[in-house]
Amino acid sequence: MSAHIIDGKALSAKIREEVAERVAALKAKGVTPGLAVVLVGEDPASQVYVRNKVEACQKAGLHSVKEQYPADMSEAQLLARIDALNADPSIHGILVQLPLPKHMDAHKVIEAIAPEKDVDGFHVSNAGMLMTGQPLFRPCTPYGVMKMLEADGVTLRGAEAVIVGASNIVGKPMAMLLLQAGATVTICNSKTRDLGAQTRRADVLVVATGKRGMVTGDMIKPGAAVIDVGINRGPDGKLCGDVDFASAVEVAGSITPVPGGVGPMTIAMLLVNTVEAAERTAA
């Protein structure tokens, strides 16, 4: 058996087309959705992510502002800049690219973003609203995963869902969204005993640990939907995920590739969240 590949590039392209239509409708009302992306420092991976986000905005017709600052920028200066963006009516979404330099408190910086402009969905206010089932914004990566499962026809109500990785960015919000869809959810972390015993129960397996090849084919339930959120580089320099694709593809029912899986969907859902923020102001 060879798994069906869930094509994140194709699905994200479809979503971007829908976003472009919504942007055009807003522009007809005199509103151009605006996203400010703030990058502090010279982290190469962050620069690539930011460039991709800005390009995606431009292609969809959004107003995009990229603000890049040196790594020695003070936390007070960054907070002042966020305050200015909060007050700017042309900006509907604010994204601060993580990680930040070590002298900055990432939690404090994220909390400085106005909740109604927190299109990443990381603000404590938005995290709390997600937990109560009334999210203002769904975090982009988990939101994208839900869209992929929906597009693949995966039945979530009553399904056993296992998440490997308990981060605030992916693992925890992913659990909330799967719970709301009616799945029975288990979250595993670095302290989980016998990880394979947990993952082999999963009808839906989401892996987000940042550890290359952590989940192998013998840890997967035959026919499961496997979502690989990880992005790493193998010994050959090529991008790979947290799931050993070669062994997993022979067991899973469907699986996301790396690259070309979750990554494009994360950016697509960032556009969706930004347009939703603009639509709220235009309503």
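Details of the structure are given in the entry above.
The rules behind each value
Residues numbered from 1 in each chain as written. Predicted model: local features only at pLDDT ≥ 70, side-chain atom pairs only at ≥ 80, totals over all residues. Heavy atoms only, no water. Helix = DSSP H or I, 4+ residues; strand = E, 2+ residues; numbered from the N terminus. Buried < 20%, exposed > 50% of the residue type's maximum accessible area, 1.4 Å probe, protein only. Contact = heavy atoms within 4.5 Å. Phe/Tyr/Trp six-rings, centres within 6.5 Å; stacked < 30°, edge-to-face > 60°. Lys NZ or Arg CZ within 6 Å of the ring centre and 35° of its normal. Pairing = 2+ DSSP bridges. Axes fitted to C-alpha atoms, helices over the stretch in contact; angles between N-to-C directions. Core = buried A, V, L, I, M, F, W, Y, C linked by side-chain atoms within 4.5 Å. 1 Å grid on protein atoms, 1.4 Å probe; cavity = no way out; pocket = protein on both sides within 12 Å on 5 of 7 lines; lining within 4 Å. Points joined across faces, edges and corners; volume = space filled by probe spheres on them. Nonpolar A, V, L, I, M, F, W, Y, C, P; charged D, E, K, R; others polar. Parallel < 35°, antiparallel > 145°, perpendicular 65-115°, else oblique. Left-handed = near helix turned anticlockwise from the far one by under 90°.

With that settled, consider unusual backbone geometry. The residue after L98, namely P99, is reached through a cis peptide bond having omega 0 degrees. When you line up the elements, P99 lands in the loop between β4 (93-96) and α4 (106-112). V258 connects to P259 through a cis peptide bond whose omega is 0 degrees. Structurally, P259 is set in the loop between β11 (254-255) and α10 (262-282). Positive phi values are uncommon outside glycine, yet D194 reaches one of about 50 degrees.

Okay, the environment of K53 next. Inspection of the secondary structure puts K53 in helix α2 (residues 44-59). With relative accessibility at 12%, the residue K53 sits in the buried group. Each residue touching K53, except ones within four places of it in the same chain, is listed here: L95, Q97, I267 and L270.

This part takes up the packing of aromatic side chains. The tally for this structure, following the rule as stated, stands at zero aromatic pairs. Of note, R138 hangs over the ring of Y143, and the distance from its end group to the ring centre comes to 5.2 Å. In this arrangement the basic side chain of R280 is found over the ring face of F137, its NZ or CZ atom lying 4.8 Å from the centre.

The three strands lie next to each other as β3-β2-β4, forming an open sheet whose pairing is parallel. The two strands at the open ends of the sheet, each matched to only one other strand, are β3 (63-69) and β4. Between one strand axis and the next, the sheet turns by 15 degrees as a mean value, whatever way the strands run. With four bridges joining them, strand β2 (residues 34-40) and β4 adopt parallel strand pairing. Looking at β4, one finds that L35 is bridged to G93.

If you look at the biggest cluster of nonpolar residues, it comprises 52 residues, and the most contacted ones within it are V19 and L178. At eleven residues, the largest contribution of residues to this core is made by α10. In contact with L178, not counting residues within four places along its chain, are M146, L149, L156, A161, I163, A183 and V185. Listed in part, the 19 residues of the second largest apolar core include L205, V215, A224 and I255.

In this structure, the largest pocket spans a volume of roughly 1,200 Å³. Lining the largest pocket are 48 residues, and of these Y49, T141, I231, G263 and T266 sit closest to its centre. Going through the elements one at a time, α1 (8-28), α2, β4, α6 (140-151), β9 (232-233) and α10 are the ones with two or more residues in the lining of the largest pocket. Empty space within the second largest pocket amounts to approximately 400 Å³. As for the second largest pocket, its lining consists of 17 residues, of which G121, F122, A127, N168 and I169 are closest to the centre. Only α4, α5 (124-131) and α7 (171-180) provide two or more residues apiece to the lining of the second largest pocket. A class-by-class count of the residues in the lining of the second largest pocket yields twelve nonpolar, three polar and two charged.

A few words on the packing of α6 against α7. Relative to each other, α6 and α7 sit at 40 degrees, their axes nearing to 9 Å. Classified by the angle their axes make, α6 and α7 are oblique. The hand of the α6/α7 crossing is right-handed. Contact with α6, carried on its side by P142, Y143, V145, M146 and L149, involves P173, M174, L177 and L178 of α7 and no other residues of that element. For the contact of α6 with α7, a count of residues per class yields nine nonpolar, no polar and no charged.

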